[in-house]
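# Architecture and fold: a report
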Amino acid sequence: MPSSTSPIRLLHDLPRVTVRQRAVSEMSNNVYVITSKTSGTQVLIDAADDAEAVRELLQSAGEDTPCELKLAVIITTHQHWDHIRALAEVVDATGVPTAAGVEDAAAIEAETGVAAKVLLNHGDTATFDGISLAVVGLRGHTPGSVALVYEPEDGPPLCFSGDSLFPGGVGNTQQDPERFASLYADVVERLFEVYPDDLLVHPGHGDHTTLGAERPHLDEWRERGW
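Rules used in this analysis
- Numbers given to residues run from 1 along each chain, matching the order in which its sequence is written.
- The model is predicted, so local features are restricted to residues of pLDDT at least 70 and side-chain atom pairs to those at 80 or more, both for listing and for counting; the totals for chains, interfaces and linings are taken over all residues.
- With hydrogens and water excluded, all non-hydrogen atoms of the structure serve as input to the side-chain values.
- Think of it this way: any DSSP run of H or I at least four residues long counts as a helix, any run of E at least two long counts as a strand, and we number them from the N terminus.
- Exposure categories follow from relative accessible area, calculated using a 1.4 Å probe and restricted to protein chains: below 20% of the type maximum is buried, above 50% is exposed, and the middle band is partly exposed.
- Salt bridge, as used here, is a side-chain nitrogen of Lys or Arg placed within 4 Å of a carboxyl oxygen of Asp or Glu.
- Remark: nonpolar core denotes a set of buried residues (Ala, Val, Leu, Ile, Met, Phe, Trp, Tyr, Cys) joined through side-chain atoms within 4.5 Å.
- In this analysis, two residues are considered to be in contact whenever any of their non-hydrogen atoms come within 4.5 Å of each other.
- Any two strands are treated as partners once DSSP identifies two or more bridges connecting them.
- Each axis is a line fitted through C-alpha atoms, and for a helix only the stretch in contact is used; angles between axes span 0 to 180 degrees, taken between their N-to-C directions.
- Only the six-membered ring of Trp is used, alongside the rings of Phe and Tyr, when aromatic pairs are assigned; centres must lie within 6.5 Å, and planes under 30 degrees apart are stacked while those over 60 apart are edge-to-face, with the rest tilted.
- Polar contacts, as used here, are pairs of N or O atoms within 3.5 Å; protein pairs need one atom able to donate a hydrogen and one able to accept it. Residues neighboring in sequence count only if both atoms are side-chain atoms.

### Re unusual backbone geometry
- Look at Ser28: it is not a glycine, yet its phi comes out positive at around 50 degrees.
- Even without being glycine, Gln174 reaches a positive phi, approximately 50 degrees.
- Within the secondary structure layout, Gln174 lies in the loop between β13 (169–170) and α4 (177–192).
- Taking relative accessible area as the criterion, Gln174 reaches 46% and is therefore assigned partly exposed.

### Let's talk about the pattern of salt bridges
- Scanning the entire structure with this criterion turns up twelve salt bridges.
- Notably, a salt bridge pairs Arg85 with Glu26, separated by 3.2 Å at the nearest N-O pair. Within this pair, whereas Arg85 is found in the loop between β5 (70–76) and α2 (87–94), its partner Glu26 is found in the loop between β2 (17–24) and β3 (29–36), the two being separated by 59 residues in sequence.
- Accessibility expressed as a relative area gives 31% for Arg85, which makes it partly exposed.
- Salt-bridge contacts for Asp186 lead to Arg190; the nearest nitrogen and oxygen are separated by 3.7 Å. Placement of both Asp186 and Arg190 in helix α4 is noted, with a separation of four residues, approximately one turn of the helix.

### Some points on the nonpolar core
- Counting residues in hydrophobic clusters, the biggest one holds 22 residues, and the most contacted among them are Val31, Leu44, Ala47, Ile74, Leu87 and Val90.
- Sorting the residues of this core by element identifies β3, α1 (51–60), β5 and α2 as the ones contributing at least two each.
- The biggest single contributor to this core is α1, with five residues.
- Residues within four places of Ala47 in sequence aside, it is in contact with Ile74, His83, Ile84, Arg85, Ala86, Leu87 and Val90.
- Of all hydrophobic cores here, the second largest spans 21 residues; its members include Val73, Ala126, Tyr150 and Leu158.

### Let's talk about the sheet that holds β2
- Taken in spatial order, the seven strands make up an open sheet running β1-β2-β3-β4-β5-β6-β7, and their pairing is mixed. Two strands in the sheet have a free side with no partner beyond their single neighbour: β1 (9–13) and β7 (118–120). Across the sheet, the mean angle separating the axes of adjacent strands is 20 degrees when strand polarity is ignored.
- Note: β2 against β3, eight bridges, orientation antiparallel.

### Re the packing of aromatic side chains
- Evaluated as defined, the whole model comprises three aromatic pairs.
- Between Phe192 and Trp221 the ring centres are 6.3 Å apart and the planes differ by 75 degrees, which places this aromatic pair in the edge-to-face class. With Phe192 in helix α4 and Trp221 in helix α6 (residues 218–224), this residue pair connects regions lying 29 residues apart in the sequence. Residues Phe192 and Trp221 agree in their burial class; the two are buried.

### Let's talk about α4
- Burial in α4 covers these residues: Phe180, Leu183, Tyr184, Asp186, Val187, Val188, Arg190, Leu191 and Phe192.
- Close packing links the buried residues of α4 with β9 (131–137), β11 (158–162), β12 (165–166), β13, α5 (211–214) and α6.
- Of the residues flanking the start of α4, the one acting as N-cap is Asp176, its side-chain oxygen 2.9 Å from the backbone nitrogen of Glu178.

### Remarks on the environment of His122
- Topologically, His122 is positioned in the loop between β7 and β8 (125–128).
- Note on His122: relative accessible area 43%, which makes it partly exposed.
- As for His122 and Leu158, which are separated by 36 residues in sequence, their C-alpha atoms are 17 Å apart.
- Leaving out residues up to four positions away in the same chain, His122 has contacts with Val135, Val136, Gly137 and Arg190.

Here it is, written out as structure tokens:
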């Protein structure tokens, strides 16, 4: 196993689904898999790198459900190269469709040769057998970046934010004032003003946070411009 690949972590064991995570590559990209306990359906978020490590992550959820595992879709949060390096290989191995934000899909196809079968827009709901995810468009890090929110029946919502929201700030906008203003506005209006403070944010790299932990710093982020 490559030294840049971390152990598999069971992040959430919820009544209807589990969430497992693994960090891959020298960029420590987080790959997430959501598995329905009642159907075995799986949603993979960001086939970032190391297809074998991704395969192991998917298979590790076999102990979470009595059902046969069935990967339904690979959702890519945004177009950047470090989040898509294993996409073509995983698609070739599984034959599953892919999904991406409508404004990033062409760039992902140009880089990987994989055309998204499902184009995601802000406000969409991506629903699979036993798994329902709200699509939140967060424009700025890339034009078509999306976050995905899972809301369990009992407990805090989970947000898979890609590279648009991290502990300590929004994603990199290359010091472009317009891109920062766009991303900051979307993060505030579409996450902080919609979801409760206990929403758990699982980013594309590094550790998780909550909206409540970050909310006191929103004015600081706006003033510094990153």
